[in-house]
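Structural characterization, general
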Amino acid sequence: MSTGFTKETFDFLTELKVNNTKEWFERNKARYEEHWVAAAVGFINAVSPMMEGLDPMHKTKAKINGSLRRIYRDVRFSKDKSPYDARLHMVFWTGDHPQRSPALHIVLHPDHVGYGAGEWGMSPEKLLICRNALRDPSRVEALNAAINQAGDVGCELNKEDLKRMPKGFEDVTGETAMSLLKRKALVVRNMDKGISVDDFIGPDGMEKVQKVSQKLAPFNKWLCNLD
């Protein structure tokens, strides 16, 4: 089954990447509405039953600022003043808010489709709960198994943030647990090993999305079962 996206979406992203100006965007607004917004809304509606059937259930909302992140960049605190994001970023989340709970991300780039899972912006309270869970060897083993499943679709764990063990956890032993504790968030994502454009827009595109989603869901499940 096709994802509903076409080559026109990726042509738009490719051209936007090298013509990232308000003038170019306004001239191509109709392409944005058809091949960016409408195509993404159609895709989100199509994958909604699959996302809701994952364990844990992943929520969808087929609108901008729901599952579809806006194309307009907030440049107030960025050195890069490009007004538009030359990607199409979709998120499917497990908690009350798409940005504050474990989620699955699918991101269309000009030349490939990336994906990942986890919780990018952990609060200090959530991070402490997560770190306390990593004192339990059985939970470390379960998380490692989920990381390995994500690896089946080319995803890797984010790099360590700390050089030393966090305060209060210096007594933890075990190479895997110690490495996990040196992270301020837990995220798995593909590193330029995503789905090719041809495969994504081809007749089996939806099956590839389903495989990726099923392999990433256990990682989010681990994060959802910390309390």
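Note: the structure precedes this text.
Numbering of residues starts from 1 in each chain and follows the order in which that chain's sequence is written. In keeping with the predicted nature of the model, local features appear solely for residues at pLDDT of at least 70, side-chain atom pairs appear and are counted solely at 80 or more, and the whole-chain, interface and lining totals rest on all residues. Side-chain calculation: all heavy atoms of the structure are included, whereas hydrogens and water are not.

1. So, the packing of helix α1 (residues 7-18) against helix α3 (residues 29-52)
The convention used is that axes are lines fitted to C-alpha atoms, helices contributing only their stretch in contact, and that angles between N-to-C directions extend from 0 to 180 degrees. Strands here mean DSSP runs of E at least two residues long; helices mean DSSP runs of H or I at least four residues long; both are numbered from the N terminus. At their nearest, the axes of α1 and α3 sit 9 Å apart, and the two run at 120 degrees to each other. For α1 against α3, the interelement crossing comes out left-handed. Facing α1, whose interface residues are E8, T9, D11, F12, L13 and E15, α3 presents R31, Y32, H35, W36 and A39. In this classification, Asp, Glu, Lys and Arg are treated as charged, Ala, Val, Leu, Ile, Met, Phe, Trp, Tyr, Cys and Pro as nonpolar, and every other residue, Gly included, as polar. Residue composition of the contact of α1 with α3, grouped by class: 5 nonpolar, 2 polar and 4 charged. Take the far helix as the reference: if the near one is turned anticlockwise from it by less than a right angle, the crossing is left-handed, and if turned clockwise, right-handed. Whether two residues are in contact is decided by their heavy atoms: any pair within 4.5 Å suffices.

2. Considerations on the pairing of strand β5 (residues 186-190)
Working definition: with a 1.4 Å probe on protein chains only, accessible area under 20% of the residue-type maximum means buried, over 50% means exposed, and in between means partly exposed. A large share of β5 lies buried, amounting to 4 of its 5 residues. When strand β3 (residues 112-119) meets β5, the two strands line up antiparallel, connected through 4 bridges. Along β5, the bridge assignment pairs G116 with R189. At least two bridges found by DSSP between two strands are what make those strands a pair. Summarising the sheet, strand β4 (residues 155-157) and β5 pair through 3 bridges and their orientation is antiparallel. Bridge pairing in β5 links E156 to R189.

3. Some points on the nonpolar core
The nonpolar core is taken to be a set of buried Ala, Val, Leu, Ile, Met, Phe, Trp, Tyr and Cys residues, with the residues joined through side-chain atoms within 4.5 Å. Residues F43, M90, I106, L108, L186, L216 and F219 are the most contacted members of the largest nonpolar core, which totals 64 residues. Here this core takes 10 residues from α3, the largest share from any one element.

4. Quick notes on the packing of α3 against helix α8 (residues 205-224)
Here α3 crosses α8 at 45 degrees, and the two axes come no closer than 11 Å. Compared by their axis directions, α3 and α8 come out oblique. Between α3 and α8 the crossing geometry is right-handed. Contact residues: α3 offers F43, A46, V47, M50 and M51, while α8 offers M206, V209, Q210 and S213. Angles below 35 degrees are treated as roughly parallel, those above 145 as roughly antiparallel, those between 65 and 115 as roughly perpendicular, and all remaining angles as oblique.

5. Let's talk about the pairing of strand β2 (residues 103-108)
The buried fraction of β2 amounts to 6 of the 6 residues, a majority that puts the element mostly inside the structure. Residues of β2 alternate between two faces, with A103, H105 and V107 on one and L104, I106 and L108 on the opposite face, all of them buried. Pairing of strand β1 (residues 88-93) with β2 involves 6 bridges; the strand directions are antiparallel. Looking at the pairing, V91 lines up with H105 of β2. The sheet contact formed by β2 and β3 spans 6 bridges and is antiparallel. Paired with A103 across the strands is G118, a residue of β3.

6. Digging into the pattern of salt bridges
Salt bridge, as used here: a side-chain nitrogen of Lys or Arg that lies within 4 Å of a carboxyl oxygen of Asp or Glu. Summed over the entire model, instances satisfying the criterion amount to 9 salt bridges. Here R73 makes a salt bridge to D80, at a shortest N to O gap of 3.9 Å. For D80, a relative accessible area of 38% puts it in the partly exposed group.

7. A look at the packing of aromatic side chains
Aromatic pairing here means that ring centres of Phe, Tyr or Trp (its six-membered ring) are within 6.5 Å. Orientation follows from the plane angle: under 30 degrees is stacked, over 60 is edge-to-face, and everything else is tilted. Counting across every chain of the model gives 10 aromatic pairs. Between F25 and Y72, the aromatic rings sit 5.8 Å apart at their centres with planes inclined by 70 degrees, giving edge-to-face as the arrangement. A residue pair is termed long-range when its members are at least 10 positions apart, and F25 in helix α2 (residues 22-27) and Y72 in the loop between α3 and β1 qualify at 47 residues. For F25, a relative accessible area of 0% corresponds to the buried category. Using a relative accessible area of 31% as the deciding quantity, one classes Y72 as partly exposed. Here F25 and Y84 contribute two aromatic rings whose centre-to-centre distance is 4.2 Å and whose plane-to-plane angle is 20 degrees, an arrangement assigned as stacked.

8. As for the environment of I64
Locating I64 in the fold gives a position in the loop between α3 and β1. Since its relative accessible area comes to 31%, I64 is described here as partly exposed. Expressed as a C-alpha distance, the spacing of I64 and M50, which sit 14 residues apart in the sequence, is 20 Å. The contacts of I64, once residues within four sequence positions are left out, are Y32, V37 and R70.

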